[in-house]
Amino acid sequence: MTHVPLDELLPHRPPMVLIDEVESFDAEARRLAARVTIGENQMFFDGQGVPSWVAIEYMAQTAAALAGCYDRHVE
């Protein structure tokens, strides 16, 4: 898969785009790996990390990216 910008895959816009990039996509397995870097540039960073509930949004954005990649693949 060629690199697809996250703004073409997610319905979000900065600063609410929380994942950094799609690392891999497997259309057959319907699997995607996304990367997020936890640091002071993250919206919910509190000086030590991010609250655990933010992981739900990381997963939701990864699922949205998977749907976007899969839609692009089958077109």
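If you're wondering where the values come from, they're calculated on a predicted model, not measured in any experiment.

**A word on the overall build of the protein chain**
Of regular secondary structure, the protein chain possesses one helix and two strands. Helices and strands in the protein chain line up, N terminus first, as β-β-α. C-alpha extents for the protein chain along the principal axes are approximately 40 × 20 × 15 Å. Burial analysis of the protein chain (75 residues in total) assigns 24% to the buried set. Accessible surface, the protein chain: about 5200 Å² in total, of which carbon and sulfur atoms supply 51%. The protein chain carries 5 positive and 12 negative side-chain charges, and their two centres are separated by 5 Å.

**A word on helix α1 (residues 54-74)**
Helix length check: α1 (21 residues) gives 31 Å between terminal C-alpha atoms against 30 Å at 1.5 Å per residue, within 8%. Among the residues making up α1, those that are buried are Val-54, Tyr-58, Gln-61, Ala-65, Gly-68 and Cys-69. Along the axis of α1, the buried positions cluster into a sector of 95°, meaning they face one direction only. Of the exposed residues in α1, the ones pointing more than 90 degrees away from its buried face are Ile-56 and Met-59.

**Here we look at the nonpolar core**
Within soluble globular proteins, side chains that are nonpolar generally end up buried alongside one another. Core analysis: the biggest nonpolar cluster contains eleven residues, these being Val-4, Leu-6, Leu-9, Leu-10, Ile-19, Val-22, Phe-25, Ala-27, Leu-32, Ala-65 and Cys-69. Only β1 (21-26) and α1 provide two or more residues apiece to this core. Residues contacting Ala-27, with those up to four places away along its chain left out, are Tyr-70 and His-73.

**A short note on the side chain of Gln-61**
One can find Gln-61 in helix α1. A distance of 3.5 Å separates a polar side-chain atom of Gln-61 from the backbone nitrogen of Ile-19. Not counting residues up to four positions away in its chain, the partners in contact with Gln-61 are Leu-10, His-12, Met-16, Val-17, Leu-18 and Ile-19.

**Some details on the confidence of the model for the protein chain**
Confidence in the prediction for the protein chain averages 91 pLDDT; 96% of positions are at 70 or higher. When pLDDT is averaged over each element of the protein chain, strand β2 (residues 31-35) comes out on top at 95 and α1 at the bottom at 93.

**Brief notes about a nonpolar patch on the surface**
Residues Trp-53, Ile-56 and Met-59 make up a contiguous nonpolar surface patch of roughly 390 Å² in combined accessible area. Tracing the backbone through its elements, the reader meets Met-59 in helix α1.

About the thresholds
Residue positions are given per chain, counted from 1 along the sequence in the order it is written. Local features in this predicted model are restricted to residues of pLDDT 70 or higher, and side-chain atom pairs are both shown and tallied only at a pLDDT of 80 or more, whereas totals for entire chains, interfaces and linings draw on every residue. Side-chain numbers come from the whole structure's heavy atoms, not from hydrogens or water. The way it works is that DSSP assigns letters per residue, a run of H or I at least four long becomes a helix, a run of E at least two long becomes a strand, and they are numbered from the N terminus. Here the term buried applies to any residue with accessible area under 20% of the maximum for its type, exposed to any over 50%, and partly exposed to those in between, with areas from a 1.4 Å probe on protein chains only. Residue burial considers only the protein chains on display, and all accessible areas are found by Shrake-Rupley using a 1.4 Å probe. The charged-residue count follows a simple rule in which Lys and Arg add positive charge and Asp and Glu add negative charge, with His and chain termini not counted at all. Every charge is mapped onto a representative atom, which is NZ of Lys, CZ of Arg, CG of Asp or CD of Glu. By definition here, a helix of n residues has an expected span of 1.5 Å times n minus one. Think of the arc as the fan of directions from the helix axis to the C-beta atoms. Each nonpolar core is a collection of buried residues, namely Ala, Val, Leu, Ile, Met, Phe, Trp, Tyr and Cys, held together in the definition by side-chain atoms within 4.5 Å. Should any heavy atoms of two residues lie within 4.5 Å, those residues are counted as being in contact. Whenever two N or O atoms come within 3.5 Å, that pair is a polar contact, provided that in protein one can donate a hydrogen and the other can accept it, and provided that, for residues adjacent in sequence, both atoms are side-chain atoms. What pLDDT reports is the predictor's confidence in each residue, on a scale of 0 through 100. What makes a patch is a set of residues exposed beyond 30% relative accessible area and free of salt bridges, joined within 9 Å when like-charged and within 5 Å when nonpolar (Val, Leu, Ile, Met, Phe, Trp, Tyr). Here, a salt bridge means any side-chain nitrogen of Lys or Arg that lies within 4 Å of a carboxyl oxygen of Asp or Glu.

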